[in-house]
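# Observations on chain architecture
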Amino acid sequence: MRERFWERFALDELTQEEWEALCDGCGQCCLLKFEDEETGDIATLQLACELLDTRSCRCSDYPNRFATVPSCIQLTPAKVDQFRWLPESCAYRRVHEKRGLSAWHPLISGDPNSVHRAGISVSGFAISELEVPESHWDDHIIAILPFEE
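Residues numbered from 1 in each chain as written. Predicted model: local features only at pLDDT ≥ 70, side-chain atom pairs only at ≥ 80, totals over all residues. Heavy atoms only, no water.

Here the focus is the overall build of the protein chain. Counting secondary structure elements, the protein chain contains six helices and six strands. When its helices and strands are written in sequence order, the protein chain yields α-α-β-β-β-β-α-α-α-α-β-β. For a compact globule of 149 residues, the expected C-alpha radius of gyration is about 15 Å, and the protein chain comes in at 16 Å, within 12% of that figure. Counting only C-alpha atoms and orienting by the principal axes, one finds that the protein chain spans roughly 50 × 35 × 30 Å. Expressed as a percentage of its 149 residues, the buried residues of the protein chain come to 38%. Intrachain contacts of the protein chain at a sequence separation of at least 6 include 55% that bridge at least 24 residues. Surface exposure of the protein chain reaches about 9100 Å², of which carbon and sulfur atoms provide 49%. If you average the places of the 14 positive and of the 27 negative side-chain charges in the protein chain, the two averages end up 9 Å apart. (Helix = DSSP H or I, 4+ residues; strand = E, 2+ residues; numbered from the N terminus. Rg over C-alpha atoms; globule rule 2.2 N^0.38 Å. Buried < 20%, exposed > 50% of the residue type's maximum accessible area, 1.4 Å probe, protein only. Contact = heavy atoms within 4.5 Å. Areas by Shrake-Rupley, 256 points an atom, 1.4 Å probe, with all protein chains shown as cover. Lys, Arg positive; Asp, Glu negative; His and termini not counted. Charge placed at Lys NZ, Arg CZ, Asp CG, Glu CD.)

What follows is the structure, encoded as structure tokens:
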């Protein structure tokens, strides 16, 4: 990878390896989200995708995730600005907004566990969607992001 690529290149200029390395491993994008069709508000749940290892915050079947979970959303440089639900801490969002990476980001700290120690990840917080009946998912709403134009 190119040195400090996130500071020197736009997201659409990154190699696939660099793009993947930007992921801080927080797992927040793997929490279930529902959009209210009437208001456009997005509800985030404490429940994680069935493929998320809630301890490591990594996908347990990353290469096949779209086949296993058809609703899995692929982040791409062209689509980043469409994902308003990405947390403020997300490296993709931060680089897109020209805010740089946080000190706890593994590319800065050199430690893949720094995201967990900083309390940014969903490790120890998220519950697999498989552990909760769908009829009780509403009980696990943790935030509502209002629609803003």
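Our focus in this paragraph is unusual backbone geometry. One non-glycine residue, Arg4, lies in the positive phi region at around 40°. Among the secondary structure elements, Arg4 is positioned in the segment before helix H1 (5-8). On the basis of relative accessible area, Arg4 is assigned to the partly exposed category, the value being 37%.

Below, the discussion takes up the packing of aromatic side chains. With the rule as written, the count across this model stands at three aromatic pairs. Summarising the aromatic geometry, the rings of Phe5 and Trp6 are spaced 5.1 Å apart at their centres and angled 85° between planes, so their arrangement reads as edge-to-face. Taking the relative accessible area as the measure of exposure, Phe5 reaches 1% and is therefore buried. A residue is classified by how much of its surface remains accessible, and Trp6, at 10% relative accessible area, is buried. In this structure, Arg65 is placed above the aromatic ring of Tyr62, and the distance from its NZ or CZ to the ring centre is 3.7 Å. (Phe/Tyr/Trp six-rings, centres within 6.5 Å; stacked < 30°, edge-to-face > 60°. Lys NZ or Arg CZ within 6 Å of the ring centre and 35° of its normal.)

Attention now goes to the nonpolar core. Membership of the largest hydrophobic core comes to 18 residues, with the highest contact counts inside it found for Leu11, Trp19, Leu22, Leu75 and Tyr92. Trp19 has contacts with Leu11, Leu14, Leu75, Thr76, Pro77, Val80 and Tyr92, leaving out every residue within four places of it along the chain. Core analysis: the next-biggest nonpolar cluster, separate from the first, contains six residues, Leu31, Ala48, Leu52 and Ala126 among them. (Core = buried A, V, L, I, M, F, W, Y, C linked by side-chain atoms within 4.5 Å.)

Okay, the pairing of strand E1 (residues 31-35) next. Bridging between E1 and strand E2 (residues 42-48) involves four bridges; their strand directions are antiparallel. Considered in E2, the bridge of Glu35 is made with Ile42. (Pairing = 2+ DSSP bridges.)

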